[in-house]
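Next come the chains, spelled out residue by residue.
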Amino acid sequence: MRSLVKLIELGLGICCALLLAGMTGLTVVDVVGRYWFNAPVRGAFEVTQLMLGALVFSALPLTTSRREHVEVDMIYGMVPPVMQSLMTAISGFVSTVVLFVLSWRLAAHAVRLMEDGSVTNALDIPLAPLSWIAAASALLSGAYTLVLFRKAFRRGF
């Protein structure tokens, strides 16, 4: 099981690196083309938006599995360990529910986008695949938070 998790994380990491490199390369080519040759890349803004959305959702499971989300812990250190465990368990439960609901709603949205045949304005790129990526990413992140929640719950209160 751990090797599968490592493989998924490696794949997502490579995907994020490629998306970031692609966004950077496209932006450089677009800026150079626009200002030096008066010929911007057609649809660069749309493609950049799509790649940014894919990057954010591809990075979500990585951030979740490594517990690198932004956390505000103003009172966490001031309460006894039993309360810290309870707070961790509650936040894990809430995060799990939110991510699973988000995944469900994104999948429903992807179905609607597919049925409508929704595409981008300039390049007619279908929008449904990005929504499916987002739904799968939120589902995977929800699975990670579920595992973290179960670990906190097993440690006890």
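Our structure's up above, just so we're on the same page.
Owing to the predicted nature of the structure, the values given are computational and were not obtained by experimental measurement. (Residues numbered from 1 in each chain as written. Predicted model: local features only at pLDDT ≥ 70, side-chain atom pairs only at ≥ 80, totals over all residues. Heavy atoms only, no water.)

Undergrad: Explain the layout of surface pockets residue by residue, including any values.
TA: In this structure, the largest pocket spans a volume of roughly 600 Å³. At the level of elements, α2 (44–65), α3 (81–116) and α4 (128–155) are the ones that each hand at least two residues to the lining of the largest pocket. With seven residues, α3 is the largest single contributor of residues to the lining of the largest pocket. Its residues placed into classes, the lining of the largest pocket shows twelve nonpolar, seven polar and five charged. Size it by volume and the second largest pocket reaches roughly 460 Å³. Taken together, 15 residues make up the lining of the second largest pocket; nearest its centre are Arg 2, Val 5, Tyr 144, Val 147 and Lys 151. Listing elements by their share of the lining of the second largest pocket, those giving two or more residues are α1 (2–36), α2 and α4. Taken together, the residues that form the lining of the second largest pocket break down as nine nonpolar, two polar and four charged. (1 Å grid on protein atoms, 1.4 Å probe; cavity = no way out; pocket = protein on both sides within 12 Å on 5 of 7 lines; lining within 4 Å. Points joined across faces, edges and corners; volume = space filled by probe spheres on them. Helix = DSSP H or I, 4+ residues; strand = E, 2+ residues; numbered from the N terminus. Nonpolar A, V, L, I, M, F, W, Y, C, P; charged D, E, K, R; others polar.)

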